[in-house]
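An overview of the molecular structure
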Amino acid sequence: MIDPVIFAQMGASQLDPSTTVFVIGTVVKMIVIFTIYMVGVAYSTFAERRVSAWIQDRHGPNRVGPQGLLQVAADGIKNIMKEETYPGYASKALFILAPGLAFVPAMITWAVIPFGSPLPTPWGRIDLVVADLPVGFLFTLAISSLGVYGIVLAGWSSNNKYALLGGLRSSAQMVSYEIAMGMSTVCVLLLAGNVSLNQVIAQQAHMGWNALLLTVAAFIFLVAAFAETNRVPFDLPEAESELIAGYHTEYSAMKFSMFPISEYANMITASAMMATLFFGGWDIPFTQWDNSGPHTVLKSILTFGSFATKVLFFVFFYIWIRWTLPRFRYDQLMSLGWKILLPIALIYVVVVASAVLALDASGVARGPMFGAVLFGINVVLMGVILFVLDRGRLISPAYSRLESVGVARLKNASKGRSTLNPAADKGA
Amino acid sequence: MANEFLPLFYTFHFYLFSLIALVSAIVFVTRKSPVAAALWLVVVMFALAALYVMLNAEFVGVMQVLVYAGAIMVVFLFVVMLLNLGHPSELNDIRGRWGRLAAGLLGLALVAELMALSRGGVAYNFSLPAAPKAEVLAGPAGVIGPIAAPLFREYLLAFELTSVLLLVAIIGAVVLAKKRSA
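Bear in mind that the values here come from a model prediction, so they are computed numbers and not experimental data.

To continue, consider the confidence of the model for chain A. Averaged over chain A, the pLDDT score is 81; the fraction of residues at 70 or greater is 90%. Segment residues 1-14 of chain A: pLDDT under 50, and 27 contacts once partners within four positions in sequence are set aside and those in other chains are kept.

Spelled out as structure tokens, the structure:
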């Protein structure tokens, strides 16, 4: 399916390394990825607080270290020093196991995500992915379905009714949105023709990013990823207005801290998946320079930078959404997943499959032209979804719920406030 | 692949995962608490998935985790939500000593049959076609190509019938769950 020339260039421009180099290289990659990832998780908690402060016009944590950068270390030390408490009737083994189970799956997914173009070394070519599994994409789906165990077990083992409700909500939510997520990624596989993540990236480098070719799927994946990571507007499992703190009500100290850590870990992993499946992975846009041989160290560094930029953007996007949207109600969450996202994803798979079949049959080569036709189809479909099917019921600005009289009054009020602004008065 | 250049490594992990699978399976059937049993089952499935991956059947291994981990989560939910069970210590096995004896004998018979089969070699009709060549696996369709192609060509009828079977189960669940309006 992929242009064989490009595929050959991406895979085999240099000799495969020997077993010893492979083993040592893998260990080094594991250590590097783990370090970068953990620091990233720690600083995304910090980013959350600073960005939320910026959005709400506050300062945020800025006292510990320059610009508050050491706040993360202070939080970590505080959480380790605190007393660990155990509820009297908790199922102790599972209670201790649950925080770890919540965190580990997010980290395992990183084993298969490619984060740069292959690195040439004197000992052979090193692929910048820890384990280049031939079933890479399915592996990520399998592992992400495990993330729910930690949360459900935390809820169940605490022996607390609020924790149990949080855990049950989480599992129902994840089971529901996993289906929409899986369906939306079927389209990616239709275009790539393979489940190897390296080939998904090669296809996007060749035809254009899947965000443009499969806009609807990218949109569904994004929504489902928010639900899978339990982030606002889908943070029902820990809805503090209803469930105290949801599944981690009974946790304290570092074990409590593991749940926010795993939330951010999941967030970064979901961002990486989003970048890989729909935004070209480590591909640098508008040029074929980075994905044609021979590989150089400079290309590896720049493609890693490209990948990191995309991941950081989505992490910011997660935070941005959290401080912008209110939480869904539980029935709204379920009907969004089952009655809207799943049918759209199913219909979309049929549409994309027919389009690919028709384009292949009419002899259009898999390349920019193929991508342009798919992009056209997606523009039409997004238009149909937003302006014909939805008509501002789900996806709409807040003021569309008001009567037009109310909107006019609000606009007048905002005008009145700007004239009361002392700075504006001074100028007048 | 791995067994060619690291035989000791391979053998060690084969026995490690086999041991994990067997021990967890025994623990799984002897737990009285349904939640603990379900979790031990997850461990069994993982060890089996690891064994599949070691046999170069990555697709089967991943499907093992994807399907069974999800399915066991549903079992877990059923236990928590629907079965209003008492404390595990109050639960008793409803079958008596004779029931256990019969089950044990049946298990032994099955093990004996497996042993006999593995000694005698598998009948030709049950054996799979020859493993796909390395060039096929490295081709554009990757490891799923050799699985998908026969599934959607030679065995399409069986595949579609399976999906009808699943549909029947789904409709049955909806009918049972739907409230009867008087």
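The rest of the description comes next.
With that settled, the discussion passes to the confidence of the model for chain B. The predicted coordinates should not be examined in detail at positions where pLDDT is low. All names here are of chain B. For chain B, the average pLDDT comes to 77, and 71% of its residues sit at 70 or higher. Between the elements of chain B, mean pLDDT differs from a low of 52, seen in helix H1 (residues 2-5), to a high of 89, seen in helix H8 (residues 156-177). Overall fold confidence for the complex sits at a pTM of 0.81, while the interface term, ipTM, reaches 0.74.

As a further point, take the packing of helix H10 (residues 215-228) of chain A against helix H12 (residues 253-278) of chain A. Packed helix pairs are specified by the crossing angle of their axes together with the interaxial distance, meaning the distance between the axes. Residue and element names in this part refer to chain A. Taken N-terminus to C-terminus, the directions of H10 and H12 make an angle of 165 degrees; their axes are 10 Å apart at the nearest point. Taken together, H10 and H12 sit at an angle that is classed as roughly antiparallel. Between H10 and H12 the crossing geometry is right-handed. Between H10 and H12, the residues in contact are Ala-218, Phe-221, Leu-222, Ala-225 and Glu-228 and Ala-270, Met-274, Leu-277 and Phe-278, respectively. By residue class, the composition of the contact of H10 with H12 is eight nonpolar, no polar and one charged.

To continue, consider the nonpolar core. Residue and element names in this part refer to chain A. Formed by 126 residues in total, the largest nonpolar core has its most connected members in Ile-220, Phe-221, Ala-224 and Met-274. When residues of this core are assigned to their parent elements, the largest contribution, 15 residues, is made by H12. Ignoring any residue separated from it by four or fewer positions in sequence, one finds Phe-221 in contact with Met-181, Ser-184, Thr-185, Met-274, Leu-277 and Phe-278.

Parsing chain A into structural domains produces domain 1 (4-392) and domain 2 (397-428). Taking the mean C-alpha position of each, domain 1 of chain A and domain 2 of chain A sit 39 Å from one another.

Residues and elements named next belong to chain A. At Gln-67, a position not held by glycine, the phi torsion is positive, near 55 degrees. Here Gln-67 shows up in the loop between helix H2 (19-55) and helix H3 (71-81). At Asn-159, a residue that is not glycine, the phi angle is positive and equals roughly 60 degrees.

About the criteria used
Residues numbered from 1 in each chain as written. Chains lettered and ligands numbered in written order. Predicted model: local features only at pLDDT ≥ 70, side-chain atom pairs only at ≥ 80, totals over all residues. pLDDT = per-residue confidence, 0-100. Contact = placed C-beta atoms within 7 Å. Helix = DSSP H or I, 4+ residues; strand = E, 2+ residues; numbered from the N terminus. Axes fitted to C-alpha atoms, helices over the stretch in contact; angles between N-to-C directions. Parallel < 35°, antiparallel > 145°, perpendicular 65-115°, else oblique. Left-handed = near helix turned anticlockwise from the far one by under 90°. Nonpolar A, V, L, I, M, F, W, Y, C, P; charged D, E, K, R; others polar. Core = buried A, V, L, I, M, F, W, Y, C linked by C-beta atoms within 7 Å. Buried ≥ 20, exposed ≤ 12 C-beta atoms within 10 Å, placed from the backbone. Domains from an automatic or database assignment.

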